[in-house]
Amino acid sequence: EAGVAQSPRYKIIEKRQSVAFWCNPISGHATLYWYQQILGQGPKLLIQFQNNGVVDDSQLPKDRFSAERLKGVDSTLKIQPAKLEDSAVYLCASSRTGVGFGYGYTFGSGTRLTVV
Amino acid sequence: AQTVTQSQPEMSVQEAETVTLSCTYDTSESDYYLFWYKQPPSRQMILVIRQEAYKQQNATENRFSVNFQKAAKSFSLKISDSQLGDAAMYFCAYRSGASYTGANSKLTFGKGITLSVRP
């Protein structure tokens, strides 16, 4: 089974610029998550999709962050304009749903964003 | 809201020795899952072990085992026969068991602990 694919692996941008991250989940996984992991902290959920609908975006800074999941498969996360405090690793994860699948996810390797 | 606390920022263990990583959590739910994830420098979160709250028996996966104390809301990870490849960040995480349809299925993580292994 192929893993969760993310790109790019690294990105350096100047503040006020825009950036986009891409995630391809494991085939058949209905739920997709974007997490932000600031250095020295645990990942924090930004947004959760169930198929192509948003389940939870309560922690997403909607004035600058946006995300979409077209056709319930791939997803993109965008930041516009970026701030210095957005420097972090952005992790994508996917999971199956339904009875019996209440265990863990599969994570991608993340995108390390540096805003200068 | 659920919270997960890992109060030890760093730990070190001698190769082949045993180390225990601590985690406490707070929740009002009775049905939930707890996890330990390993994050090496490659950044990919790797599931180490999971525990269902309704199971009294502590989970074990080869050299990894947990001490799950539900009443005390404590979930520690024991690594036996530590190996150099165990060096990484370890995160304790909580997931609600309230829904299997996706809602409330997010993971809540602690701040993590950096484990180093001395040769």
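Going by the structure above, here's the rest.
Treat the numbers as computed from the prediction; the structure is a model and nothing was measured. Residue numbers run consecutively from 1 along every chain, following the written order of its sequence. Chain labels run from A onward and ligand labels from 1 onward, assigned in the order the entries are written. pLDDT decides what is reported in this predicted model: residues at 70 or higher carry local features, side-chain atom pairs at 80 or more are listed and counted, and totals for whole chains, interfaces and linings draw on all residues regardless. Side-chain calculation: all heavy atoms of the structure are included, whereas hydrogens and water are not.

(A) Region of interest: the overall build of chain B. For chain B, the count of helices and strands is zero helices and twelve strands. The secondary structure listing takes helices from DSSP runs of H or I that are at least 4 residues long and strands from runs of E that are at least 2 residues long, numbered from the N terminus. In chain B, the order of α-helices and β-strands from amino to carboxyl end is β-β-β-β-β-β-β-β-β-β-β-β. Two things to know: the radius of gyration comes from C-alpha atoms, and the globule rule equals 2.2 Å times the number of residues to the power 0.38. Taking 119 residues into account, the globule formula puts the C-alpha radius of gyration at 14 Å, and chain B, at 14 Å, falls close to it. Along the three orthogonal principal directions, the C-alpha set of chain B runs to about 45 × 30 × 25 Å. Throughout, exposure labels follow a simple rule: accessible area from a 1.4 Å probe, protein chains only, divided by the maximum for the residue type, with under 20% read as buried, over 50% as exposed, and the rest as partly exposed. Buried positions account for 48% of the 119 residues belonging to chain B. Relative to all contacts within chain B whose residues are 6 or more apart in sequence, the contacts with residues 24 or more apart total 58%. Contact between two residues is taken to exist if any of their heavy atoms lie within 4.5 Å; hydrogens are not considered.

(B) Local environment of the overall build of chain A. Broken down by element type, chain A carries zero helices and eleven strands. When the helices and strands of chain A are read in sequence order from the N terminus, they spell out β-β-β-β-β-β-β-β-β-β-β. Taking the principal axes of its C-alpha atoms as reference, chain A extends roughly 45 × 25 × 25 Å. In chain A, which comprises 116 residues, the proportion classed as buried is 46%. Put simply, of all contacts in chain A between residues at least 6 apart along the chain, 53% involve residues at least 24 apart.

(C) Structural view of the side chain of A:Thr111. Residue and element names in this part refer to chain A. Along the chain, the position of Thr111 falls in strand E11 (residues 111-115). Owing to a relative accessible area of 0%, Thr111 belongs among the buried residues under this scheme. Within 3.5 Å is the distance limit for a polar contact, defined as a pair of N or O atoms, with the added protein rule that one can donate a hydrogen and the other accept it, and that residues adjacent in sequence qualify only through two side-chain atoms. A polar contact is formed between the side chain of Thr111 and the backbone oxygen of Pro8, at a distance of 2.5 Å.

(D) Layout of the packing of aromatic side chains. Two aromatic rings, drawn from Phe, Tyr or Trp (for Trp, its six-membered ring), form a pair once their centres lie within 6.5 Å of each other, and the interplanar angle then sorts them: stacked below 30 degrees, edge-to-face above 60, tilted otherwise. Here the structure, examined in full by the defined rule, presents 17 aromatic pairs over all chains. For the ring pair B:Phe68 and B:Phe75, a centre distance of 6.3 Å and an interplane angle of 80 degrees mean the geometry is edge-to-face. Aromatic ring contacts, followed pair by pair, group A:Tyr33, A:Tyr35, A:Tyr105, A:Phe107, B:Phe35, B:Tyr37, B:Phe91 and B:Phe109 into a single cluster. Only when the NZ atom of a Lys or the CZ atom of an Arg is both within 6 Å of the ring centre and within 35 degrees of the ring normal do we say a charge sits over the ring. Taking the ring centre of A:Tyr10 as reference, the NZ or CZ of B:Arg43 above it sits at 5.1 Å.

(E) Region of interest: the state of the cysteines. Residues and elements named next belong to chain A. Cysteine sulfur atoms that come within 2.5 Å of each other are treated as a disulfide pair. Tallied over the full model, the rule gives two disulfides over all chains. Each sulfur of the disulfide joining Cys23 and Cys92 lies 1.9 Å from the other. Residues Cys23 and Cys92 are joined through a disulfide that is left-handed, its torsion about the S-S bond being -70 degrees. Of this pair, Cys23 sits in strand E3 (residues 19-24) while Cys92 sits in strand E9 (residues 88-95), and the two are 69 residues apart along the sequence. For Cys23, a relative accessible area of 0% puts it in the buried group.

(F) Focus on the pairing of strand E8 (residues 75-79) of chain A. Residues and elements named next belong to chain A. Residues Ser75, Leu77 and Ile79 point to one face of E8 and are all buried, whereas Thr76 and Lys78, pointing to the other face, are not buried. Relative to E8, strand E7 (residues 65-69) runs antiparallel, the two sharing five bridges. Paired with Ser66 across the strands is Lys78, a residue of E8. Between the antiparallel neighbours E7 and E8 lie five residues, among them Lys71 with a positive phi of about 60 degrees. Two strands are counted as paired when DSSP detects at least two bridges linking them.

(G) Seen up close, the environment of A:Lys15. Position of A:Lys15 relative to the elements: it lies in the loop between strand E2 (10-13) and E3. Considering only alpha carbons, one finds A:Lys15 and A:Lys83, 68 residues apart in sequence, at a separation of 5.1 Å.

(H) View of the side chain of A:Asp86. Residue and element names in this part refer to chain A. If you trace the backbone, Asp86 turns up in the loop between E8 and E9. Since its relative accessible area comes to 2%, Asp86 is described here as buried. When neighbours within four sequence positions are excluded, Asp86 is seen to be in contact with Gln36, Arg64, Phe65, Ile79, Pro81, Leu113 and Val115.

(I) Representation of the nonpolar core within the structure. All names here are of chain B. Leu21, Tyr25, Trp36, Phe75, Leu77 and Tyr90 are the most contacted members of the largest nonpolar core, which totals 26 residues. Mapped onto this core, the elements with two or more residues apiece are strand E3 (19-21), strand E5 (32-39), strand E6 (46-52), strand E8 (64-69), strand E9 (74-79), strand E10 (88-96) and strand E12 (113-118). No other element matches the four residues that E10 contributes to this core. The contacts of Tyr25, once residues within four sequence positions are left out, are Thr3, Val4, Tyr32, Leu34, Phe68, Gln69, Lys70, Lys73, Ser74, Phe75 and Tyr94. For this analysis, a nonpolar core means a set of buried residues of the types Ala, Val, Leu, Ile, Met, Phe, Trp, Tyr and Cys, connected via side-chain atoms within 4.5 Å.

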